[in-house]
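Structural features, examined
Residues per chain, in single letters:
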Amino acid sequence: MINSIYLENSIREHPKARSILSRFPKANVLPCEHYKEVFNPAGQNFRLQKKNPALILAKQTGKLLHSIPPSYGVGGSRNFYFSHLLNCLYDCRYCFLQGMYPSAHFVHFINSEDFMSVIKQTTEESEEPSWFFSGYDCDSLALESITGFAGEFLPFFSKLPNAWLELRTKSANLQVLENQTPFDNVVIAFSFTPEEIGKQTEWKVPPLDSRIRAMKKAASMGWKVGWRIDPVIDSTDFKKRYEELFDSLLCNLPIQQLHSVSLGAFRMPSGFFKKMEKTYPSEPLFAGKLEKRAGMMAYEKNLEKDRLTTCENLLLQRIPKELLFSCKSPVV
Ligand code: SF4
């Protein structure tokens, strides 16, 4: 799967880099001074790279923790995201990463020790619980077999009870959760869209039924589970499709294992959207009833309101209202 690995010179001897390299003996290893030399140049072909991305092993020397966008949280007051990985194994047409990054290569930051140190320090700065979201610039678990991210960070968070970790994923491979005793301050947050919409927009993503089975299994092991219905995608038979999805989710999960549900409208900085349209000019999703508002592309205002309200009502007929976090679009 990985044919080329770029390796920053400064981490050539890092045990984690050595361990990852040893698992790809046939890969072409290419030295570089800094990952941005490979990742950042303009004019790269995202679509072509996505077919066969290289792995870039790097050390994150910049900012390690970032504030989350207002629409991303699930009730905490101190919210941060961090990225052990840039880009994703999967290929969702609505994913903002393809508009944000110039390259589809995977950048894996191997200096977990630095992330852990800043997470610990940030947690200790307040008695308020701190939330750390790991699936903002990637899927938290899809590349676990390469990064070993959750395998390292779950034991770390298990000893940090005032810090919450959200693993946000569309993966159905939860082997890493079987190797760890469940604990309270972590949420395995599964992102879902109705089956037909997923088939048309979520390339390389495991089928809905296998992700629902994975969710059920995670809950039966004792993990808290979240549903992330974000972005909400318009379609024909909208209400019926989302109703079916919510019913399937609910009948596969005891409600006491459900930590939170978040709901968010499709929205995208217009610069990212332009780039995505150029990459996939015949993508039907981009020809929907969208408009530009305050520098963002989103569904037309009334349509957006209707679709979010429909989902909100369907959910509130099924789950307690304190579990629902409706990420209203910040777009005016
Ligand atoms: S799973 Fe998430 S991060 Fe990965 S391509 Fe889809 S939307 Fe993007």
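One can find the structure itself at the top, above this paragraph.
Summarised in this report is the structure supplied together with it. (Residues numbered from 1 in each chain as written. Predicted model: local features only at pLDDT ≥ 70, side-chain atom pairs only at ≥ 80, totals over all residues. Heavy atoms only, no water.)

Our next topic: the overall build of the chain. Tallying secondary structure elements over the chain gives 13 helices and 18 strands in all. In terms of its C-alpha atoms, the chain occupies a principal-axis envelope of roughly 55 × 45 × 35 Å. Classification of the 332 residues of the chain by burial places 57% in the buried group. For the chain, the proportion of contacts with a sequence separation of at least 24, taken over those separated by at least 6, is 77%. Accessible surface for the chain amounts to roughly 14800 Å². Of this, 52% is attributable to carbon and sulfur atoms. (Helix = DSSP H or I, 4+ residues; strand = E, 2+ residues; numbered from the N terminus. Buried < 20%, exposed > 50% of the residue type's maximum accessible area, 1.4 Å probe, protein only. Contact = heavy atoms within 4.5 Å. Areas by Shrake-Rupley, 256 points an atom, 1.4 Å probe, with all protein chains shown as cover.)

The buried fraction of strand β11 (residues 186-191) is high, at 6 of 6 residues. Burial of the side chains of β11 extends over both faces: Val 186, Ile 188 and Phe 190 are buried on one face and Val 187, Ala 189 and Ser 191 on the other. As paired elements, strand β10 (residues 163-169) and β11 share 5 bridges and run parallel to each other. Across the sheet, Leu 165 pairs through a bridge with Val 186, a residue of β11. (Pairing = 2+ DSSP bridges.)

So, about the sheet that holds strand β18 (residues 324-327). Sheets are built from strands that pair by backbone hydrogen bonding, the pairs being arranged parallel or antiparallel. Reading across the sheet, the 8 strands line up as β4-β5-β9-β10-β11-β13-β14-β18 and stay open at both edges, with mixed pairing between neighbours. The open sheet has two free edges, formed respectively by β4 (66-67) and β18, since each of these has just one partner strand. Two elements, strand β14 (residues 258-265) and β18, share 4 bridges in a ladder whose sense is parallel. Within β18, the position partnered with Gly 264 by the bridge is Cys 327. Sitting on the sheet, helix α7 (residues 149-158) is in contact with β9 (130-133), β10 and β11, with an inclination near 155° to β10. Each of β11 and β13 (224-232) touches helix α10 (residues 208-221); the most contacted strand, β11, lies at about 165° to it. (Axes fitted to C-alpha atoms, helices over the stretch in contact; angles between N-to-C directions.)

Here strand β1 (residues 4-8) pairs with strand β2 (residues 28-32) via 5 bridges, running parallel. Residue pairing in the sheet places Ser 4 in a bridge with Asn 28 of β2. What joins β1 to β2 is helix α1 (residues 15-22), and the crossover it makes is right-handed. Two elements, β1 and strand β3 (residues 55-58), share 3 bridges in a ladder whose sense is parallel. Paired with Leu 7 across the strands is Leu 57, a residue of β3. (Right-handed = clockwise from strand over helix to strand, strands pointing away.)

As a matter of local geometry, the ligand sits amid Cys 88, Tyr 90, Asp 91, Cys 92, Tyr 94, Cys 95, Leu 97, Cys 138, Asp 139 and Lys 170. The residue makeup of the shell around the ligand, split by class, is 7 nonpolar, no polar and 3 charged. (Near = heavy atom within 4 Å. Nonpolar A, V, L, I, M, F, W, Y, C, P; charged D, E, K, R; others polar.)

Before going further, it helps to spend a moment on the layout of surface pockets. If you add up the space inside the largest pocket, you get close to 800 Å³. Taken together, 35 residues make up the lining of the largest pocket; nearest its centre are Tyr 72, Cys 95, Phe 96, Tyr 136 and Asp 230. (1 Å grid on protein atoms, 1.4 Å probe; cavity = no way out; pocket = protein on both sides within 12 Å on 5 of 7 lines; lining within 4 Å. Points joined across faces, edges and corners; volume = space filled by probe spheres on them.)

With that settled, the discussion passes to the side chain of Asn 87. Checked against the element boundaries, Asn 87 lands in the loop between β6 (85-86) and β7 (91-92). By relative accessible area, which is 1% here, Asn 87 ends up buried. When residues no more than four places from it in sequence are discounted, the contact partners of Asn 87 are Phe 39, Phe 46, Leu 97, Tyr 101, Ser 103, Ala 104, His 105, Phe 106, Asp 137 and Cys 138.

What follows concerns the side chain of Arg 78. Position of Arg 78 among the secondary structure elements: in strand β5 (residues 78-81). Among buried charged residues, Arg 78 stands out as having no salt bridge; its nearest opposite-charge side chain is Glu 125, 4.1 Å away. Excluding residues within four positions of it along the chain, Arg 78 makes contact with Thr 122, Glu 125, Ser 126, Glu 128, Pro 129, Ser 130 and Trp 131. (Lys, Arg positive; Asp, Glu negative; His and termini not counted. Salt bridge = Lys/Arg side-chain N within 4 Å of Asp/Glu carboxyl O.)

Once that is clear, we can look at unusual backbone geometry. In this chain, Asp 230 is followed by Pro 231 through a cis amide linkage whose omega measures 10°. Mapped onto the elements, Pro 231 comes out in strand β13. Residues other than glycine seldom take positive phi values, yet Ala 294 does so here, at roughly 50°. Residue placement: Ala 294 occurs in the loop between β16 (290-293) and β17 (296-299). Overall, Ala 294 belongs to the exposed group, its relative accessible area being 67%.

Attention now goes to the environment of Phe 246. If you trace the backbone, Phe 246 turns up in helix α11 (residues 238-250). Residue classification places Phe 246 among the buried residues on the basis of a relative accessible area of 0%. Phe 246 sits 53 residues away from Thr 193 along the chain, and the two C-alpha atoms are 9.6 Å apart. If we skip the residues at most four places from it in the chain, Phe 246 touches Ile 229, Cys 311, Leu 314, Leu 315 and Arg 318.

Here we take up helix α12 (residues 270-279). Of the positions making up α12, those classed as buried are Ser 270, Phe 273, Met 276 and Thr 279. Residues of α12 that are buried in the fold lie against α3 (46-51), α4 (97-100), β15 (267-269), β16 and β17.

This part takes up the packing of α11 against helix α13 (residues 301-316). Contact geometry of α11 with α13 gives a least axis separation of 10 Å together with a crossing angle of 35°. Note on packing geometry: the crossing formed by α11 with α13 is right-handed. Across the interface between the two elements, Phe 238, Lys 239, Tyr 242, Glu 243 and Phe 246 of α11 pack against Arg 307, Thr 310, Cys 311, Leu 314 and Leu 315 of α13. Looking at the contact of α11 with α13 residue by residue, the classes come out as 6 nonpolar, 1 polar and 3 charged. (Left-handed = near helix turned anticlockwise from the far one by under 90°.)

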